Amino acid sequence: MAEERPGAWFGFGFCGFGQELGSGRGRQVHSPSPLRAGVDICRVSASWSYTAFVTRGGRLELSGSASGAAGRCKDAWASEGLLAVLRAGPGPEALLQVWAAESALRGEPLWAQNVVPEAEGEDDPAGEAQAGRLPLLPCARAYVSPRAPFYRPLAPELRARQLELGAEHALLLDAAGQVFSWGGGRHGQLGHGTLEAELEPRLLEALQGLVMAEVAAGGWHSVCVSETGDIYIWGWNESGQLALPTRNLAEDGETVAREELNEDGSQVKRTGGAEDGAPAPFIAVQPFPALLDLPMGSDAVKASCGSRHTAVVTRTGELYTWGWGKYGQLGHEDTTSLDRPRRVEYFVDKQLQVKAVTCGPWNTYVYAVEKGKS
């Protein structure tokens, strides 16, 4: 039997700074397009104006407003303020380097420190591509912040497994599958039922008793996926990124008549235009986790968030996207925004199984393989 062909990375959405996004030209790509070096890439981290690619051979390449390359790289994390690079050391230690984005990989880094991983063997044994593990450091006891101090220690009892940073907040998944959040909360992105900030990691009580497998932080919204494939989502819904009804996408566009709160604390606004003549509700802020069902009852396994869009991979290898679509970052061959999940048909039509997704603020990168022949 022939060996399964290696997978490849695809990109779509905003590329106004010339960042690698497949074969697209101009400022945007509306449909998934293969990256030129997609077969060799194993990690992708995208910021607004540039993208960092790490190859299987340990080469880091930057594309967009920041450019350059470096070797002996294990991981990279891109943000507008800085680039964090994890490089292989001479022994078990790794070297963490933090660069200003505009001078990345040139001259001396802003800051550097040796880090010792708790355990090796975190990569998939088959070498399957994944989104980057940074900003959580290999020791799982600290993370990289885009603002000084760049090295932020975590309480040992948190036992972090994954950490994701939004524009103003952080999400942490611990070894037991519990979710913690902290930072700014003015859009409900922390999930504690209020709009208050939290200075320290706080357990999401609404999800207690549920084992989570993955978390994702958008600009001002949050997503987590349970081990059983359920999706929970909360925060700002300005562009439909929570897959809840939003005023901005309402067809009638009438002004707000009144505001109220649901029993679960979500902020509901009402506009005219419902079929029965009553004001039609839409949700601006969802401060508690809400259970989201994908079409056809599909189970989710991975999620990623852009500034105001969301992408989810299902157990069967399909990709669903929704939210803000102005630059084609939803991959539906247009610039429409959506407040409901929609399958990206490109991968279905090409007989490709999606394995991973990682969103930049205004674009999306996807890793997919050919579906196995029975």
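You'll find the protein chain entered in an unreviewed UniProt entry as RCC1 domain-containing protein 1, with Homo sapiens given as the organism. Check the Subunit (unreviewed entry) section of the UniProt entry for the protein chain; it says "Found in a complex with KDM8. Interacts (via N-terminus) with KDM8 (via N-terminus)." According to its UniProt record, the protein chain has this under Subcellular location (unreviewed entry): "Chromosome".

### Regarding the overall build of the protein chain
Per the secondary structure count, the protein chain includes one helix and 28 strands. Looking at the protein chain as a whole, 53% of its 374 residues are labelled buried. Restricting to contacts in the protein chain with at least 6 residues of sequence separation, those with at least 24 account for 45%. For the protein chain, the accessible surface area stands at approximately 16800 Å², while carbon and sulfur atoms represent 49% of it.

### Details of the pairing of strand S7 (residues 73-78)
Counting buried positions along S7 gives five out of six residues, so the element sits mostly inside the fold. Pairing between S7 and strand S8 (residues 82-88): five bridges, direction antiparallel. Following the sheet pairing, Cys-73 is matched in S8 by Arg-87. Connecting S7 to the antiparallel partner S8 that follows it, the hairpin turn spans three residues.

### Comments concerning the packing of aromatic side chains
Applying the stated criterion to the full structure yields 17 aromatic pairs. When the centroid spacing of 5.6 Å and the interplanar angle of 80 degrees are considered together, the rings of Trp-48 and Trp-362 count as edge-to-face. Of this pair, Trp-48 sits in the loop between strand S3 (41-46) and strand S4 (50-55) while Trp-362 sits in the loop between strand S27 (352-359) and strand S28 (363-370); the two residues are 314 residues apart in sequence, bridging distant segments of the chain. Judged by relative accessible area, Trp-48 falls into the partly exposed class, the value being 31%. Pairing Tyr-346 with Phe-347 gives two aromatic rings, centres 5.3 Å apart and planes at 85 degrees, and the pair type is edge-to-face. For the pair Tyr-346 and Phe-347, one class covers both residues: buried. Members of the aromatic cluster, connected to one another through ring pairs, are Phe-14, Phe-17, Trp-48, Trp-324, Tyr-327 and Trp-362. The ring of Trp-324 carries Arg-308 above its face, with NZ or CZ at 4.1 Å from the centroid.

### So, the sheet that holds strand S9 (residues 94-100)
Pairing is antiparallel across the open sheet formed by four strands, whose spatial order is S7-S8-S9-S10. Two strands lie at the open edges of the sheet, namely S7 and strand S10 (111-115), each paired on one side alone. Averaged over all adjacent pairs, the angle separating strand axes in this sheet is 15 degrees, with direction ignored.

### Overview of the side chain of Thr-321
Residue placement: Thr-321 occurs in strand S25 (residues 319-323). For Thr-321, a relative accessible area of 0% gives the class buried. Of note is the side chain of Thr-321, whose polar atom sits 2.7 Å from the backbone oxygen of Leu-330. The residues contacting Thr-321, other than those within four sequence positions of it, are Thr-310, Ala-311, Leu-330, His-332, Leu-338, Arg-340, Pro-341, Arg-342 and Val-344.

### Some points on the nonpolar core
By size, the foremost hydrophobic cluster in this structure holds 28 residues, and its most contacted members are Trp-9, Phe-10, Leu-319, Phe-347, Val-354, Tyr-365 and Val-366. Put simply, the parts of the chain that give this core at least two residues each are strand S1 (8-14), S3, strand S24 (309-314), helix H1 (345-349), S27 and S28. Shared between two domains, this core holds at least three residues of each, these being domain 1 (39-117) and domain 2 (155-255 + 280-373). Leave out the neighbours within four places in its chain, and Leu-319 touches Phe-12, Ala-311, Val-312, Val-313, Arg-342, Arg-343, Val-344, Phe-347, Val-354, Val-357 and Val-366. Residues Ile-233, Leu-242, Leu-294 and Cys-305 belong to the second largest nonpolar core, which totals 19 residues.

### A closer look at the sheet that holds S3
Sheet strands associate in pairs through backbone hydrogen bonding, adopting either a parallel or an antiparallel arrangement. The strand order across the open sheet built from four strands is S3-S4-S5-S6, with neighbouring strands paired in antiparallel fashion. Sheet topology places S3 and strand S6 (68-70) at the edges, where each strand pairs with a single neighbour. Pairwise comparison of adjacent strand axes, ignoring direction, gives a mean angle of 20 degrees for this sheet. One ladder, built from three bridges, connects strand S5 (residues 60-64) with S6; its direction is antiparallel. Within S6, the position partnered with Leu-62 by the bridge is Gly-68.

### Description of unusual backbone geometry
Leu-134 connects to Pro-135 through a cis peptide bond whose omega is 20 degrees. Tracing the chain through its elements places Pro-135 in the loop between S10 and strand S11 (142-144). Along the chain, Ala-148 connects to Pro-149 via a cis peptide bond; the corresponding omega equals -5 degrees. Position of Pro-149 relative to the elements: it lies in the loop between S11 and strand S12 (151-153). One non-glycine residue with positive phi stands out, namely Leu-105, at about 70 degrees. For Leu-105, the location among the structural elements is in the loop between S9 and S10. Unusually for a residue other than glycine, Ala-243 sits at a positive phi of about 60 degrees. Relative accessible area serves as the criterion here: at 12%, Ala-243 is assigned to the buried category.

Thresholds, definitions, all that
Residues numbered from 1 in each chain as written. Predicted model: local features only at pLDDT ≥ 70, side-chain atom pairs only at ≥ 80, totals over all residues. Heavy atoms only, no water. UniProt positions renumbered as here; feature names shortened; annotations may be inferred. Helix = DSSP H or I, 4+ residues; strand = E, 2+ residues; numbered from the N terminus. Buried < 20%, exposed > 50% of the residue type's maximum accessible area, 1.4 Å probe, protein only. Contact = heavy atoms within 4.5 Å. Areas by Shrake-Rupley, 256 points an atom, 1.4 Å probe, with all protein chains shown as cover. Pairing = 2+ DSSP bridges. Phe/Tyr/Trp six-rings, centres within 6.5 Å; stacked < 30°, edge-to-face > 60°. Lys NZ or Arg CZ within 6 Å of the ring centre and 35° of its normal. Axes fitted to C-alpha atoms, helices over the stretch in contact; angles between N-to-C directions. Polar contact = N/O pair within 3.5 Å; in protein donor to acceptor, adjacent residues only side chain to side chain. Core = buried A, V, L, I, M, F, W, Y, C linked by side-chain atoms within 4.5 Å. Domains from an automatic or database assignment.

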